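Spelled out from the first residue to the last, the chains are:
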Amino acid sequence: MANKLRVLCLHGYRQSDKSFREKTGGLRKTLKSVAEFEFIRAPHAVHGEEDSLSWFYSNPATHNILSYDCQDPSTEDPGFDETIQFLMNYLKENGPYDGILAFSQGACLASMLCDLKRREPALSSVSFVMLFCGFRSRITKHDRYYTQPFDNVRSLHVFGETDDVIPLEMSEKLVSSFVDPVVMKHP
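Residues numbered from 1 in each chain as written. Predicted model: local features only at pLDDT ≥ 70, side-chain atom pairs only at ≥ 80, totals over all residues. Heavy atoms only, no water.

So, the sheet that holds strand β2 (residues 35–40)
If you walk across this open sheet you meet the 6 strands as β2-β1-β7-β8-β9-β10, and the pairing is parallel. Strand pairing shows two members of the sheet lacking a second neighbour, β2 and β10 (182–186), which therefore form its edges. The average undirected angle you get between the axes of adjacent strands in this sheet is 15 degrees. Here strand β1 (residues 5–10) runs beside β2; their pairing, made up of 6 bridges, is parallel. Within β2, the residue paired with Leu5 across the bridge is Ala35. The sheet contacts of helix α3 (residues 80–94) involve β1 and β2, and relative to β2 the element is tilted by about 140 degrees. With respect to the sheet, helix α5 (residues 168–175) is in contact with β8 (128–132), β9 (154–160) and β10, its orientation differing from that of β9 by roughly 175 degrees. (Pairing = 2+ DSSP bridges. Helix = DSSP H or I, 4+ residues; strand = E, 2+ residues; numbered from the N terminus. Axes fitted to C-alpha atoms, helices over the stretch in contact; angles between N-to-C directions. Contact = heavy atoms within 4.5 Å.)

Comments concerning the nonpolar core
A general trend in soluble globular proteins is that nonpolar side chains are found buried together. Counting residues in hydrophobic clusters, the biggest one holds 44 residues, and the most contacted among them are Leu10, Phe56 and Leu113. Within the residue set of this core, elements represented by two or more residues are β1, α3, β7 (99–103), α4 (105–116), β8 and α5. When sequence neighbours within four positions are dropped, the list of residues in contact with Leu10 reads Phe20, Ile40, Trp55, Leu87, Ile100, Leu101, Ala102, Phe103, Gly106, Leu109, Ala110 and Leu113. In this structure, Cys9, Phe20, Ala35 and Leu101 belong to the second largest nonpolar core, which totals 9 residues. (Core = buried A, V, L, I, M, F, W, Y, C linked by side-chain atoms within 4.5 Å. Buried < 20%, exposed > 50% of the residue type's maximum accessible area, 1.4 Å probe, protein only.)

Section: the side chain of Ser58
Counting through the fold element by element, Ser58 comes out in the loop between β4 (53–54) and β5 (59–62). Among the residues examined, Ser58 registers a relative accessible area of 1% and is labelled buried. Excluding residues that lie within four positions of it along the chain, Ser58 makes contacts with Ser67, Tyr68, Asp69, Ser74, Glu76 and Ile139.

A few points about the pattern of salt bridges
In this structure the tally under the stated criterion is 10 salt bridges. One salt bridge connects Arg6 with Glu38, and the closest N-O pair in it is separated by 3.1 Å. Residue Arg6 is found in strand β1, and its partner Glu38 is found in strand β2; the two are separated by 32 residues along the sequence. Using a relative accessible area of 23% as the deciding quantity, one classes Glu38 as partly exposed. Lys141 is the salt-bridge partner of Asp77, the closest N and O atoms lying 3.1 Å from each other. Of this pair, Asp77 sits in the loop between β6 (65–67) and α3 while Lys141 sits in the loop between β8 and β9, and the two are 64 residues apart along the sequence. Looking at Lys141, the relative accessible area reads 38%, which means it is partly exposed. Residues joined by salt bridges that share partners form a network here, namely Asp115, Arg118, Arg119 and Asp151. (Salt bridge = Lys/Arg side-chain N within 4 Å of Asp/Glu carboxyl O.)

Observations regarding the layout of surface pockets
The calculated volume of the largest pocket comes to roughly 240 Å³. Residue lining of the largest pocket: 17 residues in total, with Tyr13, Cys70, Ser104, Val165 and Ile166 positioned closest to the centre. Across the lining of the largest pocket, the residue classes break down as 8 nonpolar, 5 polar and 4 charged. If you add up the space inside the second largest pocket, you get close to 150 Å³. Lining the second largest pocket we find Pro73, Arg136, Ser137, Arg138, Thr140, Asp143, Met170 and Lys173. Class assignment of the residues belonging to the lining of the second largest pocket gives a composition of 2 nonpolar, 2 polar and 4 charged. (1 Å grid on protein atoms, 1.4 Å probe; cavity = no way out; pocket = protein on both sides within 12 Å on 5 of 7 lines; lining within 4 Å. Points joined across faces, edges and corners; volume = space filled by probe spheres on them. Nonpolar A, V, L, I, M, F, W, Y, C, P; charged D, E, K, R; others polar.)

Structure follows, in structure tokens:
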């Protein structure tokens, strides 16, 4: 048998590599003959919550507390540049990866990595993304990542039609950023 696909996994906000791994057990078991999954831990802690992490924040610190809300437009992205540097270093040291599996804030980040793939050699091997409950960042500084359609990766988008956290419109807006996306909606 040929080599298995290597898939980098990015968890959501207020999750961790460990919790995401546990939640994807069924998927990993189904795909174990064709793919190996590597779960990476976001570099930023969520204040006051054990094993609760963030890839970046959307609000400047208030009372020394940073937070993230995917639905609120923001001009700030504390921690984002550090996360990108962290990921580029991680990919250079541990890559190459064939694809990215990501959930929620991790899926948002993965969509921006699709733009960075155009100029970052560490991402050159990534040929597909699987985005669960994904959305396009509403941080205005991130608009630059969505100026061109993502025609450089295959994409699968899975999201709920009645999701209370990520509204349908936000997931559909992200889907429209990809060329020939595969979409699976659930109630």
